[in-house]
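# Results of the structural survey
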Amino acid sequence: MATCPECDAEIEVDEFDIDKGDQLSCPDCGSNLEVTGLSPVELDVAPEEEEEEDDEEDEDLEEGDLKETEEEEEDEADDEDEGWEE
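Residues numbered from 1 in each chain as written. Predicted model: local features only at pLDDT ≥ 70, side-chain atom pairs only at ≥ 80, totals over all residues. Heavy atoms only, no water.

This part covers the environment of E10. Within the fold, E10 resides in strand β2 (residues 10-11). For the pair E10 and C26, spaced 16 residues apart in the sequence, the C-alpha separation amounts to 9.0 Å. One polar contact links E10 to T3, side chain to side chain, over a distance of 3.3 Å. (Helix = DSSP H or I, 4+ residues; strand = E, 2+ residues; numbered from the N terminus. Polar contact = N/O pair within 3.5 Å; in protein donor to acceptor, adjacent residues only side chain to side chain.)

This is the structure in structure tokens:
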């Protein structure tokens, strides 16, 4: 058993099925938790910085993909226009 650091709920955790650094969710309050100790099992609130950085990287990629797609469409349109002029 472990205790949620957010709501103090008792969480049943099998210490043989988890490793330090694993993440889980509190069934009572829904907080994302990270295993910080194994014997006894200790939980702490999981850091959210990694998720935010990943989201920012995904947004940057999506914006870059959109720009490339727009440029490709413009190039294709230019190619088609040149074909009509001949």
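Back to the text.
A few words now on the side chain of S31. For S31, the position within the fold is in the loop between β3 (23-25) and β4 (32-38). If we ignore the near neighbours within four places in the chain, the residues touching S31 are E6, L24, S25 and C26. (Contact = heavy atoms within 4.5 Å.)

This next bit is on the sheet that holds β4. Across the sheet, three strands lie side by side as β3-β4-β5; this open sheet has antiparallel pairing. Strands at the two margins of the open sheet, each flanked by one partner only, are β3 and β5 (41-45). The mean inter-strand angle of the sheet, taken between neighbouring strand axes irrespective of direction, is 45 degrees. (Pairing = 2+ DSSP bridges. Axes fitted to C-alpha atoms, helices over the stretch in contact; angles between N-to-C directions.)

Quick look at unusual backbone geometry now. Residue P40 is reached from S39 by a cis peptide bond, and omega for that bond is 5 degrees. Within the fold, P40 resides in the loop between β4 and β5. Phi is positive for D8, which is not a glycine, with a value near 65 degrees. Inspection of the secondary structure assignment puts D8 in the loop between β1 (2-3) and β2. Exposure remark for D8: the relative accessible area of 56% places this residue in the exposed category. (Buried < 20%, exposed > 50% of the residue type's maximum accessible area, 1.4 Å probe, protein only.)

The next point concerns the pairing of β4. Relative to β4, β3 runs antiparallel, the two being bridged by three bridges. Residue Q23 lies in a different strand from β4, and its bridge partner there is E34. Between the end of β3 and the start of β4, which pair antiparallel, lie six residues, with G30 showing a positive phi angle near 80 degrees. Pairing geometry for β4 and β5, over five bridges, is antiparallel.

Judged by side-chain charge, E12, D14, E15 and D17 come together as a negatively charged surface patch. For D14, the location among the structural elements is in the loop between β2 and β3. A relative accessible area of 39% means that D14 is categorised as partly exposed. (Patch = residues over 30% accessible without salt bridge, like charges linked within 9 Å, V, L, I, M, F, W, Y side chains within 5 Å. Areas by Shrake-Rupley, 256 points an atom, 1.4 Å probe, with all protein chains shown as cover. Salt bridge = Lys/Arg side-chain N within 4 Å of Asp/Glu carboxyl O. Lys, Arg positive; Asp, Glu negative; His and termini not counted. Charge placed at Lys NZ, Arg CZ, Asp CG, Glu CD.)

Along the chain, C7 turns up in the loop between β1 and β2. Counting along the chain gives 21 residues from C7 to D28, while the straight-line C-alpha distance between them is 7.7 Å. In this structure C7 touches C26, D28 and C29, once residues within four positions along its chain are discounted.

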